[in-house]
Amino acid sequence: MWISTSAVYFISLTASILLYRGFLHPLGHVPGPFAACLSKLWAVAITLGGRNHVTILELHAKYGDFVRIGPNEVSLSNVEAIQQIYGPRSTYKGVPRPAHSESLMSIRSHAEHSQRHKIWDRAFTTRALKDYHPLLSNRVRQLSDRLASECLKGTVDIGKWFNACAFDVMGDLAFDSGFDIVQKGDIDGYSRTLNEAVRIGAIFINLPWTAVSAKLPWLPVACKKAKLERFAQQQVRKRQAKVAYRKDLSYWLVCASGAAAVTCATQFSPAEAVLVIVAGSDSTSLVAFFLLYFLAQHPSVLNRLRQEIQDVYITHGELTINHLNELPYLNACINESLRLFPPVPNGHPRLAPKGGATVGGYLIPEGTTVIVPAYTIHRDPRYWTEPNAFRPERWLPEGVMEGWHHDTRAFVPFSYGPYSCIGRNLGRQEIRLTIAAVIQRFDFQLAAGFDARAFEQQITGEFLLTRPMLPMLLRERTKCERGWHQDSSC
Ligand code: HEM
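Residues numbered from 1 in each chain as written. Predicted model: local features only at pLDDT ≥ 70, side-chain atom pairs only at ≥ 80, totals over all residues. Heavy atoms only, no water.

What counts, and what does not: UniProt positions are given in the numbering used here, feature names are shortened, and annotations may be inferred rather than shown by experiment.
Going by the annotation in an unreviewed UniProt entry, the name recorded for the protein is Cytochrome P450, with Dacryopinax primogenitus given as the source organism. Here is the UniProt Pathway (unreviewed entry) comment for the protein, exactly as written: "Secondary metabolite biosynthesis." The UniProt entry for the protein carries this comment under Cofactor (unreviewed entry): "heme".

**Considerations on helix 15 (residues 299-316)**
To keep things clear, this is the line we draw: Elements are defined by DSSP. Helices are runs of H or I of four residues or more, strands are runs of E of two residues or more, and each kind is numbered from the N terminus. To estimate the expected span of a helix, count its residues, drop one, and scale the result by 1.5 Å. For every residue, the accessible area (1.4 Å probe, protein chains only) is compared with the maximum for its type, and the residue is labelled buried under 20%, exposed over 50%, or partly exposed between those bounds.
Taking 1.5 Å of rise per residue, 18 residues should cover 26 Å, and helix 15 covers 26 Å from first to last C-alpha, within 8% of that figure. Taken residue by residue, helix 15 has Val301, Leu302, Leu305, Arg306, Glu308, Ile309, Gln310, Val312 and Tyr313 as its buried positions. Phi turns positive, to about 75 degrees, at Gly317, one or two residues after helix 15.

**Focus: the coordination of the iron atom of the ligand**
Going by this rule: Because water is not among the atoms used, a metal site may look incomplete, as its donors are only the N, O and S atoms within 2.8 Å, or 3.2 Å for Na, K and Ca.
Counting protein donors to the iron atom of the ligand gives just one, Cys421 (SG), placed at 2.3 Å. Checked against the element boundaries, Cys421 lands in the loop between helix 18 (374-377) and helix 19 (424-441).

**Quick look at the pattern of salt bridges**
Rules: When a carboxyl oxygen of Asp or Glu lies within 4 Å of a side-chain nitrogen of Lys or Arg, that pair is called a salt bridge.
Throughout the structure, instances matching the rule amount to 18 salt bridges. The closest approach of N and O atoms between Glu393 and Arg304, which form a salt bridge, is 3.9 Å. Remark: Arg304 occurs in helix 15 and Glu393 occurs in the loop between helix 18 and helix 19; sequence separation between them is 89 residues. Look at Arg304 and you get partly exposed, because its relative accessible area is 36%. Here Glu336 makes a salt bridge to Arg394, at a shortest N to O gap of 2.9 Å. Residue Glu336 is found in helix 17 (residues 328-340), and its partner Arg394 is found in the loop between helix 18 and helix 19; the two are separated by 58 residues along the sequence. One exposure class covers both Glu336 and Arg394, and it is buried.

Right, here's the structure in full:
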């Protein structure tokens, strides 16, 4: 009797919730897949399938700028929306992040975030970045040497090595002691663990209550999280013991404030150390990876880029970060890779303010979660002519012909506004150095039978894009006074 009463209660409750969400909800007028209106499980299923970025793009192509992608969630693919939702004067709130506890990325109160941001800012000034140059150059040199030995063995999984290098760089910056994955391999599996943590985090973002599972010690997800946190704790402690040892990132976050070691512990938490690694490694290596993929398919772009880099080498006798910063074609190629494959493709959730808001003519009720998806807006033909083509020239003055659409307001790979990427200049420097080092020293081509369509279909985008295996054949070029050459005749 008790069971049947409970069952009736449960069924009626579920039916009323579904009825409300499907037909009576204030977002009822917004088009979108019916299953998405009923339950967040739709988003989880799409996330698990891994093709969020493509699904959202297809939904916008079908339904227009304003699409309902959850019971209380809409996706807005319209350039007018970006400034209003993410801009400095936005009244939208950030959505708390269950996956990155106690870090800059999880603080979503504007006042608290701005206070913490000021401390982080010191680590990303032009002067601070300059101090990281030797460290970056050293790691990229190691990567280049590693590729030289790997290419003798056959096809090279280039993405794996780019990722290892970016991981080593961030390890140096966050802990002042690298992981040495390029040289020794991922012995302890930290890089693997982090990648898994990011995937799991994507589910937590869609269904915040599942984040509880990270606290149940017998679940694999909890073990992995605990392992990572233990590691970060050890590293932060070790780093704090050498207070003013080197001007790395933790120096600026902690020690430059003159704080005593005791306050250091509260200022640079293991969660923030993990944030540096998560935010700075995969994202950066993905951009370099996709750029190399495009270059392998576009020989004329590769030749022009190689010439630009060669000219710098001939003029200055070396390739430093300062020389590379100003190269227009290199920067254009990086922008084009960021446009076509933004590492964070699905947009950043914000909550509509009290009383609701109107964006680009659309009424958004109070408390609605809103996203502007980067992958979709980067490929919108209203903002970009030939949106799916890799065409770096579009970023140069001579490359935008009359009548061409090139609306840089619709370029948001680092998000936009006060919560946008703090490490973008560092990331760009690392990408420039990596790409310059690789294309200067190696000729490369995709392995025989490579199928670009199949490759792109394997790219998933739960939170970050993933990189499928990209088999490349690399051949070391010959070095002489005037740079590197294809054959031994310098
Ligand atoms: C090209 C490479 C990179 C891309 C495409 C990228 C992209 C992004 C994006 C889209 C966000 C906003 C995330 C959100 O609101 O959900 C973000 C935030 C952030 N990124 Fe990056 N990032 C890159 C490199 C880096 C690097 C090298 C660092 C260095 C530590 C870094 C540190 C951060 C931090 C700390 C945040 C949080 C900022 C805040 O909440 O105020 N990123 N990044």
